[in-house]
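Notes for the structure review
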Amino acid sequence: MLTFVLPTLFVLLIYLSISFLYVYKLHSRFILQVYNDGDFDFWDVARTLVAVVWDAHGWIFHGYEVCGLDNLPETGPALIIYYHGAIPIDMYYLVARVYLKKSRLVYTVGDRFLEMLPGWSCLARVMKVSPGTVQSCSNVLKEGNMLSIAPGGVYEAQFGDSNYELLWRRRVGFAKVAIESKAPIIPMFTENLREGFRSIGFAKRLFIRLYNAVRFPVRPVYGGFPVKFRTHLGKPIEYDPSLTPEQLQEKVAFAIEELINKNQRIPGSILHGLIDRFVAKKKNE
């Protein structure tokens, strides 16, 4: 029962962040009077405080680390393509870490069902989370921003397992975005992600049918185990005009699979993920 309750703490942290943003907005007049500067971005202070909370949560609860942070550019666009766990908590941690370390906000493509959640619109507006189309995502990159996309989306989140197979099917939208914007792609994978949170293992076919019918997460998630999370950012895959979207998809998938095979114990083990918190790992980079 506890393993089904713990994921709600993740949701609680999201709504605490949302509540803070609403309070911050409520006192906008006073804040703008204090920071009477023409170059001042009203939401910068709020983003920083939210990032500090999430970064602290990642460090305390999962000993969160990022390997290859230097592979993200100091300026200019970059498209981060990542493996989607049962809960994309690693993306929240990465956004917070990048914002604090590089003073850059990573825009995120989120599923449309998130728009149905009460209060989500405020968090999405401040932290730049939106469903996105090929054109809108390309525009974000052309404006010099960093953007993250999980090609597997909710399907990969719901039906992936501790074998860490990519469930992208024939999705090439992210490849079209990269080609149109000519932005480099940064492959990303977080170690032990499936050991922190997992989807229940029974009645998989039934849940797949339900998901295909409603296009909404229907498979219960359990976990919240304090395993070691270590995000690996691979070398940039530079724009190549000779590649088709399908070829680029295969190239990026291969890069992420290399990160998985190099850094992840397969099948994943919750026990070993917990041990990783206390046993130092030799750097592969």
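Residues numbered from 1 in each chain as written. Predicted model: local features only at pLDDT ≥ 70, side-chain atom pairs only at ≥ 80, totals over all residues. Heavy atoms only, no water.

1. So, the overall build of the protein chain
Put simply, the rule is: Helix and strand assignments follow DSSP, with helices taken as H or I runs no shorter than four residues and strands as E runs no shorter than two, numbered in order from the N terminus. The globule rule is 2.2 Å times the number of residues to the power 0.38, and the radius of gyration it is compared with is taken over C-alpha atoms. Whether a residue is buried, partly exposed or exposed follows from its accessible area with a 1.4 Å probe, protein chains only, as a fraction of its type maximum: under 20%, in between, or over 50%, in that order. Residues are treated as being in contact if the distance between any of their heavy atoms lies within 4.5 Å.
Broken down by element type, the protein chain carries 12 helices and 9 strands. Taking 285 residues into account, the globule formula puts the C-alpha radius of gyration at 19 Å, and the protein chain, at 19 Å, falls close to it. Here the protein chain holds 285 residues, and the buried ones make up 52% of them. Within the protein chain, contacts between residues separated by at least 24 positions form 80% of all contacts whose residues are at least 6 apart in sequence.

2. Regarding the UniProt feature "domain: Phospholipid/glycerol acyltransferase" (unreviewed entry) in the protein chain
Quick reminder of the rule: UniProt positions are given in the numbering used here, feature names are shortened, and annotations may be inferred rather than shown by experiment.
Cross-referencing UniProt, the feature "domain: Phospholipid/glycerol acyltransferase" (unreviewed entry) maps to residues 65–188 in the present numbering. Along residues 65–188 one finds 38% helix and 18% strand; the C-alpha atoms at either end are 13 Å apart.

3. Here we look at the packing of helix α3 (residues 44–62) against helix α4 (residues 89–102)
Going by this rule: Axis definition: a line fitted to C-alpha atoms, limited for helices to the stretch in contact. Angles are taken between N-to-C directions and run from 0 to 180 degrees. Roughly parallel means an angle under 35 degrees; roughly antiparallel, over 145; roughly perpendicular, 65 to 115; everything else is oblique. Handedness of a crossing is defined here by the sense of rotation of the near helix relative to the far one, left-handed for an anticlockwise turn of less than a right angle and right-handed for a clockwise turn. Only Asp, Glu, Lys and Arg are considered charged, only Ala, Val, Leu, Ile, Met, Phe, Trp, Tyr, Cys and Pro nonpolar, and every remaining residue, Gly among them, polar.
For the pair α3 and α4, the least separation of the axes is 8 Å and the interaxial angle reads 125°. As judged from the angle between their axes, α3 and α4 are oblique. Where α3 crosses over α4, the handedness of that crossing is left-handed. Contacts between α3 and α4 involve Asp 44, Arg 47, Thr 48, Ala 51, Val 52, Trp 54, Asp 55, His 57, Gly 58 and His 62 on the former and, on the latter, Ile 89, Tyr 92, Tyr 93, Ala 96, Arg 97, Tyr 99 and Leu 100. Along the lines of polarity and charge, the residues of the contact of α3 with α4 split into 9 nonpolar, 4 polar and 4 charged.

4. Here we look at the pairing of strand β9 (residues 230–233)
Quick note on the threshold: One requirement defines pairing of two strands: DSSP has to find at least two bridges between them.
Residues Arg 230 and His 232 of β9 are buried on one face, and the alternating residues Thr 231 and Leu 233, pointing to the opposite face, are buried as well. Judged from the 3 bridges that link them, strand β1 (residues 65–67) and β9 form a sheet pairing that is parallel. Its bridge partner lying in β9, Glu 65 is registered against Arg 230. Where strand β6 (residues 185–191) meets β9, 4 bridges bridge the pair, whose relative direction is antiparallel. Residue Met 188 lies in a different strand from β9, and its bridge partner there is Leu 233.

5. Considering a nonpolar patch on the surface
Rules: Surface patches are drawn from residues lacking salt bridges whose relative accessible area is over 30%; two like charges belong together within 9 Å, two nonpolar side chains (Val, Leu, Ile, Met, Phe, Trp, Tyr) within 5 Å. Using the Shrake-Rupley algorithm and a 1.4 Å probe, accessible areas are obtained, with residue cover drawn only from the displayed protein chains. Here, a salt bridge means any side-chain nitrogen of Lys or Arg that lies within 4 Å of a carboxyl oxygen of Asp or Glu.
On the surface, a cluster of nonpolar side chains totalling about 450 Å² of accessible area is made up of Leu 271, Ile 275, Phe 278 and Val 279. Here Phe 278 shows up in the segment after α12 (270–275).

6. Focus: the side chain of Arg 97
Using the following cut-off: N or O atoms within 3.5 Å of each other form a polar contact, as long as, within protein, one can give a hydrogen and the other can take it, and as long as residues adjacent in sequence are counted only when both atoms are side-chain atoms.
As for its position among the elements, Arg 97 is in helix α4. Judged by its relative accessible area of 13%, Arg 97 falls in the buried class. A distance of 2.6 Å separates a polar atom in the side chain of Arg 97 from a polar atom in the side chain of Asp 55. Leave out the neighbours within four places in its chain, and Arg 97 touches Asp 55, Tyr 64, Glu 65, Val 66 and Lys 102.

7. Details of helix α6 (residues 134–142)
For clarity, the cut-off: Think of the arc as the fan of directions from the helix axis to the C-beta atoms.
Buried within α6 are the following residues: Cys 137, Ser 138, Val 140 and Leu 141. In an axial view of α6, the angular spread of the buried residues amounts to 155°, which keeps them on one side of the axis. Summarising the contacts, the buried residues of α6 are in contact with β2 (78–82), β3 (106–109), β5 (146–149) and α8 (173–181). Where α6 ends, the next residue or the one after it, Gly 144, has phi of about 90°, a positive value.

8. Description of the environment of Asn 192
If you trace the backbone, Asn 192 turns up in the loop between β6 and α9 (193–196). For the pair Asn 192 and Ala 46, spaced 146 residues apart in sequence, the C-alpha separation works out to 30 Å. Those residues within four positions of Asn 192 in sequence are excluded, and the remaining contacts are Tyr 164, Val 227, Lys 228, Phe 229, Gln 264, Arg 265, Gly 273 and Asp 276.

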